[in-house]
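Here is what each chain is made of, one letter per residue.
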Amino acid sequence: MGRRNMDALSEEERRLFPLKTVASVVSLFDSILRRTTEPDLALLSIIVGCIENTLTCNQQILSGTKSTVLTASVEEPSEKLLAIPPVRREDDFPEIEWPTVEALYVKFRAVIKSSVDLTQYGCPEFATREVVKKVSDVIWNTLTRSYYKDRAHLQSLYSYLTGNKLDCFGVALAVVAGCQVLGFEDVHLALSEDHAWVTFGVDGKETAEVTWHGKGNEDKRGQPVDAGIQARSWLYVSGNPVVCSRFTEVASLVSSVNPSITATTDSLEVASLQQSLLWVLYDAGHLARYPMALGNLADLEELSPTPGRCHCGQLFSQAIEVARRCYGNNHVYPYTYQGGYFYRNRMYKEALESWANAADAIRSYNYSREDEEIYKEFLEIANELIPFVMKVEGSGHSARSILKDSECFAHLLRFYDGICQWEEGSCTPVLHIGWAKPLVNTISKFDSQVRRHVVISCSEVTEEDTLAMKPPAKEPEKEELRIDKHVGGKTAEQKARLGSTVLAALTDLCGRTVLSPAFFLGPDMKTGSYTQAIHSLNISGTAASVDSPVKMMNKPKLYLRSHKMAGLKDLLLSEKLNTHAISLQLTAQSQVQLGGRKLRGEEAKDAKQEGRDANLSRPKRTRKE
């Protein structure tokens, strides 16, 4: 077991104090990252947390702390405007003295070393589950007895050492920093998109819960995370978390910085510091496997682009590429980050595609109550963002844009198909009437000819195969037969399908339904007739009518995997939408794993009379809005 050197900083690094500019903090971090392969997490977390809390704490701001702020709205209440202090100089904040930082650093080391006696564990070379659990107990037992789920600025050791408060991520970081104080270099953070645990052991294959999530299930601490992975919960990303090195852990504590002063006001200095530190880590290659940090950096670049750096759009794309290459496309937030960027920049077709890709990522999971954050993310997209897009595109000169684009309609269906498959096999329903109404309203914005332009095929899976269907099978290479000028040698079934396609195309282009299906589908038709018909239609678009409500393009093909959306196929493609039937189908009880409550008394008698198993509970009612 490697023992730590008490000198956390070199003499050159100490001379950078007092820290009072973003540049001085960046120089300190850059020096530490270059000097050692084992940066001190406790020290860096204290420094960053001290700056963040100094610039974002309302009490200190009101007492005269100098800070530039970014205000999201000019219509702020008067009390918020009073919190904006005078600005002396850009990127200048109250001095952070070394004695202050050192005192907190020494205090943290003393808490850990005085509470954990390694001789009781045989002075192991590598951390054991008992040691990790003991460090977790030390942090846990010194916190205030409240859980802080959505409180800002509680993720650093500065918050722990000055107020005994930490959020979920902060507890996990403190445990890893505590193990580092004890000399264990094998204990590292494992980060999902809304949770954190640790890996440890000789090969780093052991896992342990060390923090809480949601309402604080403290009894999980010390347990491996295998149960969450086997339950296919998004919280554990199917066993594909970002397993950190020390440098990635530094990136995580920087990425967790929160510049917000109020709900609508951010500290410019904190945002600038976070952005600059992330670029330092990016240049050193420490964000190469960290999609969430890349997304945070892209968001910061969108607000305040750094001269000479790549465009924020490239960073969003890079985060998605990393999620696909390194984590099996099991991370959802890279897509929602990108979708939000497209949405803010009125690139609505691209936003719909990103949201559909996010739904493709979530479809391989089973929904549970612990997935509250990603549920709220999808709910906002479905019930607020997409309806706003439809409202904007359905008015004025934009009325002939994405609403006439069948690819956009396909993206919309793929988005809801992913949500429905997320629900399948889960213990808790996802969709309720609050989801159905916006979907029906959105679909109704698309003309029937636009909807019919999408070639839809459906899964043939039976109900018994629902659970086995996850993760989803790959799409077949050929889902539908495309129209071809060379149609010789086709089977009768292919000719019938081709004839129906020609008929639909004629109806769409001519606006009439007087053509006889028998003319195209008759058994005595020769192959050349099909060819002549297709040539005369000019389906490729070279002679298409300019008045057609469908943008001329190749027909988008969509493969629906969820049972609900497959059941909606005919309704979605019909000329007149049956909105009531769509709502009923979408909110119908899903194929969820029902509980094991036994029926007793009269319920058991009724079950036997109806031929049901008395040991099974009745289906859970669909959750209402």
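Preceding block: the structure.
Residues numbered from 1 in each chain as written. Predicted model: local features only at pLDDT ≥ 70, side-chain atom pairs only at ≥ 80, totals over all residues. Heavy atoms only, no water.

1. Here's the deal with empty space enclosed by the protein
Stage number 1. This structure, assessed with the given rule, holds four cavities of 30 Å³ or more.
Stage number 2. Its volume calculated, the second largest cavity comes out at about 50 Å³.
Stage number 3. Looking at the second largest cavity, it is lined by 10 residues, and the ones nearest its centre are H195, H213, K220, Y236 and E370.
Stage number 4. A class-by-class count of the residues in the lining of the second largest cavity yields three nonpolar, four polar and three charged. (1 Å grid on protein atoms, 1.4 Å probe; cavity = no way out; pocket = protein on both sides within 12 Å on 5 of 7 lines; lining within 4 Å. Points joined across faces, edges and corners; volume = space filled by probe spheres on them. Nonpolar A, V, L, I, M, F, W, Y, C, P; charged D, E, K, R; others polar.)

2. Some details on the sheet that holds strand β6 (residues 206-208)
Stage number 1. If you trace the four strands from one edge of the open sheet to the other, you get β6-β5-β4-β7, paired in antiparallel fashion. A single partner strand is all that each edge strand has here, and the edge strands are β6 and β7 (242-243).
Stage number 2. Note that strand β5 (residues 196-200) and β6 share three bridges and pair antiparallel. Paired with V198 across the strands is A208, a residue of β6.
Stage number 3. Here helix α11 (residues 246-255) sits on the sheet and contacts β4 (188-191) and β7; the angle it forms with β4, its principal contact strand, is near 55°. (Pairing = 2+ DSSP bridges. Helix = DSSP H or I, 4+ residues; strand = E, 2+ residues; numbered from the N terminus. Contact = heavy atoms within 4.5 Å. Axes fitted to C-alpha atoms, helices over the stretch in contact; angles between N-to-C directions.)

3. Section: the packing of aromatic side chains
For any pair of aromatic rings, the description rests on two quantities: the centre-to-centre distance and the angle between the ring planes.
Stage number 1. Taken as a whole and assessed by the stated rule, the structure comprises 18 aromatic pairs.
Stage number 2. Between Y333 and Y337, the aromatic rings sit 6.3 Å apart at their centres with planes inclined by 45°, giving tilted as the arrangement. Highlighted residues: Y333 and Y337, both in helix α15 (residues 333-344), separated by four residues, approximately one helical turn. Each member of the pair Y333 and Y337 is classed as buried.
Stage number 3. Joined through ring pairs, the aromatic side chains of Y367, Y375, F378, F415, Y416, W422 and W435 make up one cluster.
Stage number 4. R221 extends its terminal NZ or CZ atom over the ring of W140, reaching a point 4.5 Å from the ring centre. (Phe/Tyr/Trp six-rings, centres within 6.5 Å; stacked < 30°, edge-to-face > 60°. Buried < 20%, exposed > 50% of the residue type's maximum accessible area, 1.4 Å probe, protein only. Lys NZ or Arg CZ within 6 Å of the ring centre and 35° of its normal.)

4. Things to note about helix α26 (residues 579-586)
Stage number 1. Among all positions of α26, only I582, S583 and L586 are buried. Buried residues of α26 fall within an arc of 100° about the axis and therefore sit on the same side. In α26, those exposed residues whose orientation departs by more than 90 degrees from the buried face are H580 and L584.
Stage number 2. Residues of α26 that are buried sit in contact with α18 (406-423), α19 (433-443), α24 (563-567) and α25 (569-573). (Arc of directions from axis to C-beta.)

5. Quick notes on the nonpolar core
Stage number 1. F108, F378, F415 and W422 are the most contacted members of the largest nonpolar core, which totals 160 residues.
Stage number 2. In terms of residue count, the dominant contributor to this core is helix α9 (residues 168-181) (11 residues).
Stage number 3. Membership of the second largest hydrophobic core comes to five residues, among which are A190, V225, L235 and Y236. (Core = buried A, V, L, I, M, F, W, Y, C linked by side-chain atoms within 4.5 Å.)

6. Observations concerning the environment of S10
Stage number 1. Assignment of secondary structure puts S10 in the segment before α1 (11-14).
Stage number 2. With 21 residues separating them along the chain, S10 and S31 place their C-alpha atoms 9.3 Å apart.

7. Examining the pattern of salt bridges
Stage number 1. For the structure on display, the rule yields 22 salt bridges.
Stage number 2. Between R129 and E206 there is a salt bridge, with its nearest N and O atoms 2.9 Å apart. Within this pair, whereas R129 is found in helix α7 (residues 129-141), its partner E206 is found in strand β6, the two being separated by 77 residues in sequence.
Stage number 3. Ionic pairing is found between E373 and K376, a salt bridge with its closest N-O pair at 3.3 Å. Note that E373 and K376 are positioned in helix α17 (residues 372-393) at a spacing of three residues, about one turn of the helix.
Stage number 4. If you follow the salt bridges from partner to partner, you end up with D360, R363, R414 and D417 in one network. (Salt bridge = Lys/Arg side-chain N within 4 Å of Asp/Glu carboxyl O.)

8. Some details on the environment of R289
Stage number 1. Its location among the elements puts R289 in the loop between α12 (268-283) and α13 (291-303).
Stage number 2. Sequence separation between R289 and A323 is 34 residues, and the spatial gap between their C-alpha atoms is 8.0 Å.
Stage number 3. Discounting residues that sit within four places of it in the chain, R289 has contacts with V242, V322, C326 and Y327.

9. Observations regarding the pairing of β4
Stage number 1. Both faces of β4 are covered, namely the face carrying H188 and A190 and the face carrying L189 and L191.
Stage number 2. Pairing of β4 with β5, which is carried by four bridges, proceeds in the antiparallel orientation. Bridge pairing links L191 to A196 in β5.
Stage number 3. Where β4 folds back on β5, the antiparallel hairpin that results is connected by four residues.
Stage number 4. Inspection of the sheet shows β4 paired to β7 by two bridges, in the antiparallel sense. Note that in β7 the partner of A190 across the bridge is V243.

10. Structural notes on the packing of α15 against helix α16 (residues 348-362)
Each packed pair of helices is defined by two parameters, the angle between the axes and the distance between the axes.
Stage number 1. Where α15 contacts α16, the axes come no closer than 8 Å and their chain directions differ by 165°. Viewed along their axes, α15 and α16 adopt a mutual orientation that is roughly antiparallel. Once α15 is placed against α16, the crossing between them reads as left-handed. Between α15 and α16, the contacting residues are Y335, T336, Q338, G339, G340, F342 and Y343 on the first element and Y348, E350, A351, S354, W355, N357, A358 and A361 on the second.
Stage number 2. Here the contact of α15 with α16 is built from residues that sort into eight nonpolar, six polar and one charged. (Parallel < 35°, antiparallel > 145°, perpendicular 65-115°, else oblique. Left-handed = near helix turned anticlockwise from the far one by under 90°.)

11. Some remarks on the environment of G201
Stage number 1. Looking at where G201 falls in the secondary structure, it is placed in the loop between β5 and β6.
Stage number 2. Given a relative accessible area of 11%, G201 falls into the buried group.
Stage number 3. For the pair formed by G201 and A127, sequence separation is 74 residues and the distance between their alpha carbons is 5.9 Å.
Stage number 4. Those residues within four positions of G201 in sequence are excluded, and the remaining contacts are F126, A127 and D186.

12. Describing unusual backbone geometry
Stage number 1. Following F17, the chain continues into P18 via a peptide bond in cis, with omega recorded as 0°.
Stage number 2. Relative to the elements of secondary structure, P18 occurs in the loop between α1 and β1 (19-21).
Stage number 3. Positive phi, normally seen in glycine, also occurs at C123, with a value near 45°.
Stage number 4. Tracing the backbone shows C123 in the loop between α6 (98-115) and α7.
Stage number 5. Classification of C123 as partly exposed rests on a relative accessible area of 42%.
Stage number 6. With a phi angle near 60°, R232 is a residue other than glycine that sits in the positive phi range.

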